Amino acid sequence: MALIVHKYGGTSMGSPERIRNVAKRVAKWARAGHQMVVVPSAMSGETNRLLGLAGELAPTPASAAYHRELDMLAATGEQASSALLAIALQAEGMEAISYTGWQVPVRTDSSYTKARIESIDDQRVRADLDAGKVVVITGFQGIDDAGHITTLGRGGSDTSAVAIAAAMKANECLIYTDVDGVYTTDPRVVPAARRLHTVSFEEMLEMASLGSKVLQIRSVEFAGKYKVPMRVLSSFTPWDIDLAEEAQSGTLITFEEDEKMEKAVVSGIAFNRGEAKISVLGVPDTPGIAHRILGPVADANIEVDVIIQNISKDGKADFSFTVNQGDYQRALDLLRTKVVPELGAQEVVGDPHICKVSIVGIGMRSHVGIASTMFRVLSQENINIQMISTSEIKTSVVIDEKYLELAVRALHTAFGLDKAAE
Ligand code: ADP
Ligand code: ASP
Ligand code: MG
């Protein structure tokens with residue numbers, strides 16, 4: 001008998017009919033003799049709806065007290081879907097019980113809206129499993145040491161599921177979603193994208209960190225740290241397909257470089273639409289500049305992504321970096337009011353409509369010229385590269401947001417990732 005964790009995303013839980021379908025699928029696995037823990041997301045649109053309501057009533061400036069209430073609020077979406085799934089399982093004749101994060105408990109730190117899981121107490125869940133119950137645990141949330149409800153950041157149910165699988169030493173964590181696996185790029189943007197049968201953990205980590213929202217990055221980090229066998233697969237196949245066939249479908253995240261693995265140098269293309277660029281022009285080129293510009297930005301809790309500083313001319317340099325679009329105005333205001341007057345820079349300019357496109361592949365370690373192919377393809381499409389950032393297994397470029405689709409499709413074709421025409 002195996003212990004299996006299933007995770008179902010918002011679209012998969014999107015209506016009573018879909019929840020019934022999830023319940024039937026889970027019941028099939030339980031009847032095959034497995035102990036089942038199921039982690040659902042809120043019904044699709046629910047988290048956005050709740051956060052939208054909060055936004056209409058929000059205080060300015062937003063305080064920690066406000067962020068605490070956001071978590072209190074957003075966590076209810078998963079509480080509702082979990083109870084509904086337990087009810088649907090009962091209607092299938094299963095014994096089922098649902099728990100919120102705080103009931104388990106899933107312990108986290110206190111960073112509201114982006115908390116990190118610290119530990120999971122599995123006693124209660126194990127007792128229920130041993131008593132023959134299916135256990136449903138809310139995704140996306142936990143409780144901090146002081147007893148406040150926390151949430152794990154958007155897409156955080158993936159992380160809940162993998163963390164629970166790790167804590168309980170589950171045999172496998174299956175992430176059911178609205179696509180049938182991990183693709184070479186988002187199949188909604190590139191119809192020619194191909195499903196990968198396997199993807200290495202390192203590549204998946206890069207893809208997730210560079211914007212492929214099919215898995216939240218922290219779920220991949222957990223899977224890597226605790227070696228949780230993990231697969232991404234479709235919740236839209238008929239629930240009664242053969243279990244063995246279902247168990248082999250989708251995309252497996254692998255931890256070893258397997259000789260038989262798909263050998264492409266570039267395995268995937270990731271992108272992030274929601275970025276903005278800020279440039280501080282004419283800063284005196286002296287030691288400590290990066291710290292004096294980015295220190296206040298970090299203190300304001302604004303995450304910075306790609307950073308470049310150009311060579312100085314006449315003792316002055318330009319310094320550019322990217323932030324999330326949501327933080328753009330705040331970062332710009334901060335630099336204009338606090339940093340520029342102190343630094344004596346000439347001016348701060350910005351562009352809130354840029355995006356980052358990245359090619360990812362462990363094959364890039366052993367092949368030269370991959371980045372230059374990327375630059376050639378973009379130049380052939382007349383796309384101007386504004387910033388470049390590289391690591392061992394990825395190259396990212398920052399470009400105008402309006403060229404995103406064009407860039408991703410051209411690169412997808414150029415690196416031989418398009419599926420064969422049918
Ligand atoms: P869920 O609600 O199940 O968590 P998400 O919307 O968070 O689902 O993630 C699934 C979506 O991720 C897909 O619908 C797809 O548009 C998008 N996506 C982005 N990159 C990829 C990729 N490389 N492979 C598959 N899906 C991707
Ligand atoms: N419901 C949360 C969100 O929309 C968590 C998740 O779906 O994983 O971000
Ligand atoms: Mg998701």
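Residues numbered from 1 in each chain as written. Chains lettered and ligands numbered in written order. Predicted model: local features only at pLDDT ≥ 70, side-chain atom pairs only at ≥ 80, totals over all residues. Heavy atoms only, no water.

Turning to the nonpolar core, a few remarks are in order. Within the largest apolar cluster, 43 residues are counted, with the highest numbers of intra-cluster contacts made by Val 5 and Val 37. For this core, the element with the most residues is helix H5 (residues 157-167), which contributes six residues. Ignoring sequence-local partners within four residues, the contact set of Val 37 consists of Leu 3, Ile 4, Val 5, His 6, Val 125, Leu 129, Val 135, Ile 137, Ile 164 and Met 168. Counting residues in each nonpolar core, the second largest holds 26 residues, with Tyr 8, Trp 29, Leu 89 and Val 136 among its members. (Core = buried A, V, L, I, M, F, W, Y, C linked by side-chain atoms within 4.5 Å. Buried < 20%, exposed > 50% of the residue type's maximum accessible area, 1.4 Å probe, protein only. Helix = DSSP H or I, 4+ residues; strand = E, 2+ residues; numbered from the N terminus. Contact = heavy atoms within 4.5 Å.)

To continue, consider the packing of aromatic side chains. The tally for this structure, following the rule as stated, stands at four aromatic pairs. With centroids separated by 4.7 Å and ring planes inclined at 15 degrees, the aromatic side chains of Tyr 8 and Tyr 176 adopt a geometry described as stacked. In this pair, Tyr 8 sits in strand S1 (residues 3-8) while Tyr 176 sits in strand S9 (residues 172-177), placing the two residues 168 residues apart along the sequence. Exposure class is identical for Tyr 8 and Tyr 176. Each is buried. (Phe/Tyr/Trp six-rings, centres within 6.5 Å; stacked < 30°, edge-to-face > 60°.)

A separate point is the site of ligand 1. By nearness alone, 17 residues border ligand 1, and Thr 177, Asp 178, Tyr 183, Asp 186 and Arg 188 come closest of all. Between an oxygen atom of ligand 1 and a side-chain N or O atom of Thr 177, the distance comes to 2.6 Å. Taken together, the residues of the shell around ligand 1 break down into six nonpolar, six polar and five charged. (Near = heavy atom within 4 Å. Polar contact = N/O pair within 3.5 Å; in protein donor to acceptor, adjacent residues only side chain to side chain. Nonpolar A, V, L, I, M, F, W, Y, C, P; charged D, E, K, R; others polar.)

The next thing to look at is unusual backbone geometry. Of note, the amide linkage connecting Val 104 to Pro 105 takes the cis form, showing an omega dihedral of -10 degrees. As for its placement among the helices and strands, Pro 105 is situated in the loop between strand S3 (96-99) and strand S4 (106-108). A positive phi angle, near 80 degrees, is found at Phe 140, a position not held by glycine. For Phe 140, the position within the fold is in the loop between strand S6 (134-137) and strand S7 (141-143).

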